[in-house]
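# Secondary and tertiary structure notes
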Amino acid sequence: QVQLVESGGGLVQPGGSLKLSCAASGSNFNRYAVGWYRQALGKQRELVATIISGVSGSSTNYGASVKGRFTISRDTTKNTVYLQMNSLKPDDTAVYYCNAVYTTLSVKYDYWGQGTQVTVSS
């Protein structure tokens, strides 16, 4: 069982920055692929970024709308995944969710956090 708690959201002006955190409790969190998703009012949830860690390092992936502005990272000692968001735009306004997935041959473990609101406005 893994519990995810997001934090770091808030109100920021266009062009500003925020850093979101996804803190996990539970065992073997570092085995999980972790993603940040967002959902704006009236829109579908969309992928923001993912990170997958292995013995040779981590691989990351970004949605087209955030590539070059957002950075996902992981601190395995703190069981935490971060999303550094720079050059924020009003279109980045959404609830941001953390998702952790781990798949074995027979079972898929899939957990979501409660979300944190990010509002970009002047």
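A brief structural summary. (Residues numbered from 1 in each chain as written. Predicted model: local features only at pLDDT ≥ 70, side-chain atom pairs only at ≥ 80, totals over all residues. Heavy atoms only, no water.)

Opposite charge on two side chains allows them to pair when their charged atoms are near. This model, assessed by the stated rule, comprises three salt bridges. A salt bridge links Asp 92 to Arg 38; its shortest N-O distance comes to 2.8 Å. Of this pair, Asp 92 sits in the loop between β8 (80-85) and β9 (94-103) while Arg 38 sits in strand β4 (residues 33-39), placing them 54 residues apart in sequence. The class of Arg 38 is buried, set by a relative accessible area of 5%. Note that Asp 92 is salt-bridged to Arg 69, the shortest N-O span being 2.8 Å. Taken together, the residues Asp 92 in the loop between β8 and β9 and Arg 69 in the loop between β6 (57-62) and β7 (70-75) connect sequence positions 23 residues apart. The exposure classification of Asp 92 matches that of Arg 69, with both residues buried. Connected via shared salt-bridge partners are Arg 38, Glu 46, Arg 69 and Asp 92. (Salt bridge = Lys/Arg side-chain N within 4 Å of Asp/Glu carboxyl O. Helix = DSSP H or I, 4+ residues; strand = E, 2+ residues; numbered from the N terminus. Buried < 20%, exposed > 50% of the residue type's maximum accessible area, 1.4 Å probe, protein only.)

In this section: the pairing of strand β10 (residues 108-112). Sheet topology places β9 next to β10; five bridges connect them, and they run antiparallel. What sits directly across from Val 101, in β10, is Asp 110. The turn joining β9 and β10, which pair antiparallel and follow one another in sequence, is formed by four residues. (Pairing = 2+ DSSP bridges.)

For Arg 74, the position within the fold is in strand β7. Buried charge without a salt bridge: Arg 74, with Asp 75 as the nearest opposite-charge side chain at an N-O distance of 8.8 Å. In this structure the side chain of Arg 74 is engaged in a polar contact, spanning 2.9 Å, whose partner is the backbone oxygen of Phe 29. There is a polar contact of 3.2 Å between the side chain of Arg 74 and the side chain of Ser 53. Among all residues touching Arg 74, those that are not within four sequence positions of it are Phe 29, Asn 30, Tyr 32, Val 34, Ile 51, Ser 53, Thr 80 and Val 81. (Lys, Arg positive; Asp, Glu negative; His and termini not counted. Polar contact = N/O pair within 3.5 Å; in protein donor to acceptor, adjacent residues only side chain to side chain. Contact = heavy atoms within 4.5 Å.)

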